[in-house]
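# Structural overview for review
As a plain string of letters, each chain reads:
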Amino acid sequence: MMHISTAGIQRGALSAAEGSKPSSDKAQAAQAPAGAGAVAGDVVISTLAGRLAKASEATSATIRGFDHAALGAWVNRNTDDILYPLDAEHKAAAAKQLPQPNDAASAKSAAAATAYVDRKGPNPFAGLSREQLSAISNDDSGTFTVNERRAAFMQAYQEEEAWRTQVVAQAMHEYNTTGKTTNFFKSVLAHFNTLPRLEQSQYPANYASDLEDKIKLDFNYFNHAAGNGGPTPGSLADLLKNQGKKTVDLFDLLSR
C-alpha cells in the first residue's frame, strides 16, 4: 500500500485552545513584526542577539549528554509548558512574567508576545530563522517569557504546516503521474536535515536513515516494483491493464 502521510513529519499537537485559532493568526505569522522588539532597530537587534546567545548557552548546558530519547522528552516538557491553557487565570499569570534582563527592548518584546497570544497583534518573531525560533521556544532559563516562547513555537509550527501542505501536494502530483513518491522522500529528508537539533528530536531516531532507504528503493506503487521494473502480477497497474483502464489515482490504490 502506498503511504503518503504527514504522520512521519508531525511535531507535537497543539492544545485544543490553540488548535481552534482562526486562519487570521496564520496570516499574522507572515507579517513583519510591529513594535515587537524582534527585528526592528539596531538596539533591539543587538538586545535580541544577546538574549539568544544567553538562552542557547543555557540550553546547551542543560542538554549536554542527552541522548535522542532524553532530548525528545525534554523538548516535549517544554512544549507542555508553552501550550498552557488559554483561560483567564493562566493568561494573567503568563502576562506577569518578566524577561531577563528586563531592559526596555526585552520588555517590549515580551509585551508584543503577550499581545500576540491575546490575538491583539502580529507574531513578534516572524522573520527569525528556525534555529532562533527553537532557541527561544526551548529556553527554560527565564531569558524569554513563556509568551515569547509560545510566540516562537507558533511561528515555527505555522511555517512547518505551510511546508507540509506544499510538499504533500507535490507528493500527490508525483504519485499520480509516476506511481512513485521518491522525490517526496527526498524533499522530506532535505527539510529534516535543515531543522534544528531540538526539532529533530521530535522524530524517530532512525527517521533520516529510513528516508534514505525509501529513496534508494525508488518504489513504484503502480507496478508494485522497485525502480523502473514492470508491473508485477496482481499490482495495480496489472489489474487496471486487465480492466482496460488508462488512468489511475490514489483512491484506486487505497481501495485495494
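About the criteria used
- Residues numbered from 1 in each chain as written.
- Predicted model: local features only at pLDDT ≥ 70, side-chain atom pairs only at ≥ 80, totals over all residues.
- Heavy atoms only, no water.
- Core = buried A, V, L, I, M, F, W, Y, C linked by side-chain atoms within 4.5 Å.
- Buried < 20%, exposed > 50% of the residue type's maximum accessible area, 1.4 Å probe, protein only.
- Helix = DSSP H or I, 4+ residues; strand = E, 2+ residues; numbered from the N terminus.
- Contact = heavy atoms within 4.5 Å.
- Salt bridge = Lys/Arg side-chain N within 4 Å of Asp/Glu carboxyl O.
- pLDDT = per-residue confidence, 0-100.

### Let's talk about the nonpolar core
Counting 23 residues, the largest nonpolar core has L52, F125, L128, L133, I136, F144 and F153 as the members making the most contacts within it. The set of elements that each furnish at least two residues to this core consists of α3 (42-63), α6 (104-117), α7 (130-137) and α8 (146-178). Beyond its immediate chain neighbours, meaning those up to four positions away, L52 contacts Q132, A135, I136 and F144. If you look at the next biggest cluster of nonpolar residues, it comprises 17 residues, including W163, Y175, F185 and Y207.

### Brief notes about the pattern of salt bridges
Under the definition given, this model contains eight salt bridges. The closest approach of N and O atoms between R130 and E160, which form a salt bridge, is 2.8 Å. Here R130, found in helix α7, pairs with E160, found in helix α8; they are 30 residues apart in sequence, far enough to count as distant. A relative accessible area of 14% means that R130 is categorised as buried. Exposure remark for E160: the relative accessible area of 0% places this residue in the buried category. D218 is the partner of K180 in a salt bridge, and the nearest nitrogen-oxygen pair spans 2.9 Å. You can see K180 sitting in the loop between α8 and α9 (182-194) and its partner D218 sitting in the loop between α11 (207-217) and β1 (219-220), a full 38 residues away along the chain. The class of K180 is buried, set by a relative accessible area of 12%. Within this structure, R130, E160, E161, R164 and E199 form a network of salt bridges that share partners.

### Some details on the confidence of the model for the protein
On average, residues of the protein score 79 in pLDDT, and 71% of them reach the 70 mark or higher. pLDDT under 50 marks residues 1-43. Its contacts with residues more than four places away, or in other chains, come to 90 contacts. In the predicted structure, residues 246-256 sits below a pLDDT of 50 and forms 24 contacts with residues beyond four places in sequence or in another chain.

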